[in-house]
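Spelled out, the chains give:
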Amino acid sequence: MTKLFFLGCLTLFCFSPVVVFAADGKDGPVYTNPNEVDSDYAYQGEYRGWQRSRPSARSSEPVAVQVIAMGEGKFAATKYYGGLPGEGWFGGTRYELTGEMTGDVVTFHSDQYDIIVDKESATIMTRDGRRAGELQKMHRVSPTMGAQPPAGAIVLFDGTNTDHFKNAKITEDGLLMAGTETNVGFQDFRLHAEFRLPYKPMARGQGRGNSGFYLQSRYEVQVLDSFGLEGIENECGALYKTRRPDFNMCFPPLVWQTYDIDLKSPKFDENGNKIENMRISVWHNGVLIHNNAEIPHKTGAGKPEAVTPLPTKLQDHGNPVVYRNIWIVPRPQTAQTDRSWVKLPVQAAPVPIYQAMSR
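Rules behind the numbers
Residues numbered from 1 in each chain as written. Predicted model: local features only at pLDDT ≥ 70, side-chain atom pairs only at ≥ 80, totals over all residues. Heavy atoms only, no water. Helix = DSSP H or I, 4+ residues; strand = E, 2+ residues; numbered from the N terminus. Buried < 20%, exposed > 50% of the residue type's maximum accessible area, 1.4 Å probe, protein only. Contact = heavy atoms within 4.5 Å. pLDDT = per-residue confidence, 0-100. Salt bridge = Lys/Arg side-chain N within 4 Å of Asp/Glu carboxyl O. Core = buried A, V, L, I, M, F, W, Y, C linked by side-chain atoms within 4.5 Å. Polar contact = N/O pair within 3.5 Å; in protein donor to acceptor, adjacent residues only side chain to side chain. Disulfide = S-S within 2.5 Å.

> Before we go on, may I ask you to explain the overall build of the protein in this structure?
In terms of helices and strands, the protein carries one helix and 27 strands. For the protein, the proportion of its 359 residues judged to be buried stands at 52%. For the protein, the proportion of contacts with a sequence separation of at least 24, taken over those separated by at least 6, is 61%.

> When you look at the confidence of the model for the protein in this model, what are you seeing that I'm missing?
Regions with low pLDDT carry predicted coordinates that are not meant to be interpreted in detail. Chain-level statistics for the protein give a pLDDT mean of 87 and a share of 85% at 70 or above. Counting interchain partners and residues more than four positions distant, the pLDDT-below-50 stretch residues 1–24 has 44 contacts. Taken as a whole, residues 353–359 scores under 50 in pLDDT and shows 27 contacts with residues more than four places along the chain or in a different chain.

> Looking at this model, I keep getting lost on the environment of Phe-90. Mind explaining?
Within the element layout of this structure, Phe-90 appears in the loop between strand E7 (88–89) and strand E8 (95–102). In this structure Phe-90 comes out as partly exposed when scored by relative accessible area, which is 49%. Taking the C-alpha atoms as reference points, Phe-90 and Tyr-80, 10 residues apart in sequence, are found 9.8 Å from one another.

> Explain the pattern of salt bridges to me, please; I cannot follow it from the model alone.
Where charged atoms from two side chains of opposite charge come close, those side chains can pair. On inspection of all chains with the given rule, the structure shows 18 salt bridges. Glu-87 is the partner of Arg-48 in a salt bridge, and the nearest nitrogen-oxygen pair spans 3.8 Å. Here Arg-48, found in strand E3 (residues 45–52), pairs with Glu-87, found in the loop between strand E6 (84–85) and E7; they are 39 residues apart in sequence, far enough to count as distant. Linking Arg-243 and Asp-246 is a salt bridge whose minimum nitrogen-to-oxygen distance equals 3.5 Å. Residue Arg-243 is classed as partly exposed on the basis of its relative accessible area, which comes to 27%. Residue Asp-246 is classed as partly exposed on the basis of its relative accessible area, which comes to 42%.

> What exactly am I supposed to notice about the nonpolar core here?
One recurring pattern in soluble globular proteins is that nonpolar side chains are buried together. Membership of the largest hydrophobic core comes to 41 residues, with the highest contact counts inside it found for Leu-191, Phe-213, Leu-215, Tyr-259, Ile-280, Tyr-323 and Ile-326. Every element with two or more residues in this core is listed here: strand E13 (154–157), strand E17 (189–196), strand E18 (211–215), strand E19 (219–223), strand E20 (257–264), strand E23 (278–284), strand E24 (287–295) and strand E26 (322–330). Contacts of Ile-326, omitting those with residues within four sequence positions, involve Val-155, Leu-156, Phe-157, Phe-165, Leu-176, Leu-191, His-192, Ala-193 and Leu-314. Membership of the second largest hydrophobic core comes to 22 residues, among which are Tyr-47, Phe-75, Ala-122 and Tyr-199.

> Honestly, the side chain of His-284 in this entry has me stumped. Any pointers?
One can find His-284 in strand E23. By relative accessible area, His-284 is classed as buried at 0%. A distance of 2.9 Å separates the side chain of His-284 from the side chain of Gln-257, its partner in a polar contact. Other than its neighbours up to four places away in sequence, His-284 contacts Phe-195, Cys-236, Met-249, Cys-250, Gln-257, Thr-258, Tyr-259 and Ile-289.

> When you look at the state of the cysteines in this model, what are you seeing that I'm missing?
One covalent bond between the sulfur atoms of two cysteine residues makes up a disulfide. Going through the model one piece at a time under the given rule, you end up with zero disulfides. No disulfide involves Cys-250; its nearest neighbouring cysteine sulfur is the one of Cys-236, lying 4.0 Å away. Among the residues examined, Cys-250 registers a relative accessible area of 1% and is labelled buried.

Listed below in structure tokens is the structure:
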């Protein structure tokens, strides 16, 4: 646990050189580092605490809010009873709110409650002025962040070179840029990778930090700033336009995130006819969001399914999404039916670790 906490601290507070991309019309400014952002960014994030529907302490229940910066002092928020996604909340009713900055706080209104957010905490107030809840801003770190490759893994990218990728580019601080693919294809495998989304407060939908893992050039696991959203078929963690994640585990932009992907390719008979569909499990930030899901066809603009594996792509959609610590473990044929053939690469809690914000 000590090692994981240290890795989390590095993830949260050791940032790369400041890069701010110019505005690009409708999508507005693009920020790639939290040291150089707009004033709204400090309010964005995850808040966790309690709420009392009645004055009695016995009515207390866990509650969480994800605050999303929408640009120019406008905000959206999603409220969850039970806790944050992947920790207390695993699907069900979401409560969507809109708010705006007034002075040095952001206020969200609903029929029964107001939520007042500063840069460190949030307070829930009833419409008649009673304090009904308190929340603390939290930073979560994936339990697989910084995971080291196990025996038998092929290290695709560790920041030192791009030998395993075609026409790849790296940033000055050793991060792999979107818009490349592996030199070879892999049949069945476990893939670990870490990615960071840009902060684009004025952008919406697919313009908000778009990239993706095109596994075998056929199946896309979407990469997108979908923080606080529903988690539909074209948002982060989805098998693009095919299967939504069981729930949305996307962290805020400019926070490092992890994918751990276990892919089993479709099977074909000797005549080239498919006899078994592809299956995939995906852990997003250490939480299982696709559990051995059966995918009947390619996704989106993927290449047609076939016996031969194709390279895996890091899709380029014109957004400065960056990657690090990418490794892959080819699955041996003897492990075709063994879903535990390679464990999650670190011993850690089954959900992301909380770290209270302290400044």
